[in-house]
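What follows is the residue order along each chain.
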Amino acid sequence: MSTSPTTHAGALATPAPVLSFSPVVLPVPGRPVDLQVRVSVPATGTGLPVLLLSHGHGPSNNLSSLNGYAPLANFWAAHGFVVVQPTHLTSRTLTHLVAGAPGAPDFWRSRAEDMTHILDRLDIIERTVPQLAGRIDPAKVALVGHSLGGFTAALLLGAGINDPDTGNVVHLVEPRIKAGVLLAAPGRGGHALNGPMAEQWPIIGAVDFSTMTAPALVVAGDKDDPRHFTDMGPDWHADPYTLAPGPKTLFTMFDAEHGLGGIAGYDAAETTDENPERVAALARLTAAYLHTQLHPGAPTWQAECEALTTGPHPIGRVQSK
């Protein structure tokens, strides 16, 4: 019987030391450059679920790559997940190599396909990463995406997208992904997409959330004003909850801006709302949500949700449908 490094079935894993290995290089036919991923795993435990992490765009030269999001990736790995982080073709680390490639600059299709390629090659990842062989449970797969990564996550969880080149609705749903978390993800298009960046990134408004049927936690900061895309205000980031069918949960994080306290990297200069306690709480909350989704009946989510959203100093509010 497989065991993960948990204290009991309803608890987050007791933190374990983390082994982080990168890059794992996965050749993908037709991709302008090989797909490179970082894999972070707890030093102990078997039957470990896989957690795919899709990075955002962002102003940094390096954090939007397999080298970003350490505050979340390290926590999740320490608590029993195998965290796999690809460098998508939108990464600034690749701009000089892929600027003229098909799909540039948003690479919306490629970003989603990266996750399918990873799941197709889990056996290669297991053989390549030291001390990982035989420890993954390939039937337990979850997904997290931040900002543009939230856009990518929506497609993998079932949202449709209107291909601007053909006018056809495309579905890139990945049925092996059981649940997801969308962090500060983009919202609706149409007349709402009226900010100065809307013309540069029209693909952002081409998503149809009505078919995003997979279970998902949508996290939106109540101070995350996306005025470069829309005049809707912070509510725009709640659209993946508002416009998608259940089961969905919305976590509105108090006083959080687009960086949600600093999830993209430790002490990142572009974090406008740096708050280590907020990042730690978000890491716990998201891990608990995914633990319960992958272990139905476990009280992990309920326990962490009550601990973080009740009492005299709640970090946010939760609603579900």
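Residues numbered from 1 in each chain as written. Predicted model: local features only at pLDDT ≥ 70, side-chain atom pairs only at ≥ 80, totals over all residues. Heavy atoms only, no water.

Participant: Help me understand helix α8 (residues 300-309) in this model?
Facilitator: Because an α-helix packs 3.6 residues into every turn, residues spaced three or four apart end up facing the same way. Within α8 the residues assigned to the buried category are Thr300, Trp301, Glu304, Cys305, Leu308 and Thr309. Projected down its long axis, α8 carries its buried residues within an arc of 120 degrees, all on one side. In the segment just after α8, Gly311 is the residue with positive phi, at about 90 degrees. (Buried < 20%, exposed > 50% of the residue type's maximum accessible area, 1.4 Å probe, protein only. Helix = DSSP H or I, 4+ residues; strand = E, 2+ residues; numbered from the N terminus. Arc of directions from axis to C-beta.)

Participant: So what exactly am I meant to see when it comes to the packing of helix α7 (residues 276-294) against α8 here?
Facilitator: Two packed helices can be described by the angle between their axes and the distance between those axes. For the pair α7 and α8, interaxial distance at closest approach is 7 Å and the crossing angle is 155 degrees. Considered as vectors, α7 and α8 are oriented roughly antiparallel to each other. Pair α7 / α8 crosses with left-handed handedness. Contact with α7, carried on its side by Ala281, Arg284, Leu285, Ala288, Tyr289, His291 and Thr292, involves Thr300, Trp301, Glu304, Cys305 and Leu308 of α8 and no other residues of that element. Broken down by class, the residue content of the contact of α7 with α8 amounts to seven nonpolar, three polar and two charged. (Axes fitted to C-alpha atoms, helices over the stretch in contact; angles between N-to-C directions. Parallel < 35°, antiparallel > 145°, perpendicular 65-115°, else oblique. Left-handed = near helix turned anticlockwise from the far one by under 90°. Contact = heavy atoms within 4.5 Å. Nonpolar A, V, L, I, M, F, W, Y, C, P; charged D, E, K, R; others polar.)

Participant: I keep staring at the pattern of salt bridges and nothing clicks. Help me out?
Facilitator: Here the idea is simple: oppositely charged side chains can pair when their charged atoms come close. Here the structure, examined in full by the defined rule, presents twelve salt bridges. Residue Arg278 is joined to Asp273 by a salt bridge in which the shortest nitrogen-to-oxygen separation is 3.1 Å. Assessed through its relative accessible area of 11%, Arg278 is described here as buried. A residue is classified by how much of its surface remains accessible, and Asp273, at 8% relative accessible area, is buried. Across the salt bridge formed by Glu304 and Arg284, the nearest N and O atoms sit 2.8 Å from each other. Within this pair, whereas Glu304 is found in helix α8, its partner Arg284 is found in helix α7, the two being separated by 20 residues in sequence. (Salt bridge = Lys/Arg side-chain N within 4 Å of Asp/Glu carboxyl O.)

Participant: What's the story with helix α1 (residues 70-78) in this structure? I'm lost.
Facilitator: Most of α1 sits inside the fold, with seven of its nine residues counted as buried. What α1 keeps buried is the set Pro71, Leu72, Ala73, Phe75, Trp76, Ala77 and Ala78. One or two positions beyond α1, positive phi appears at Gly80, with a value near 105 degrees.

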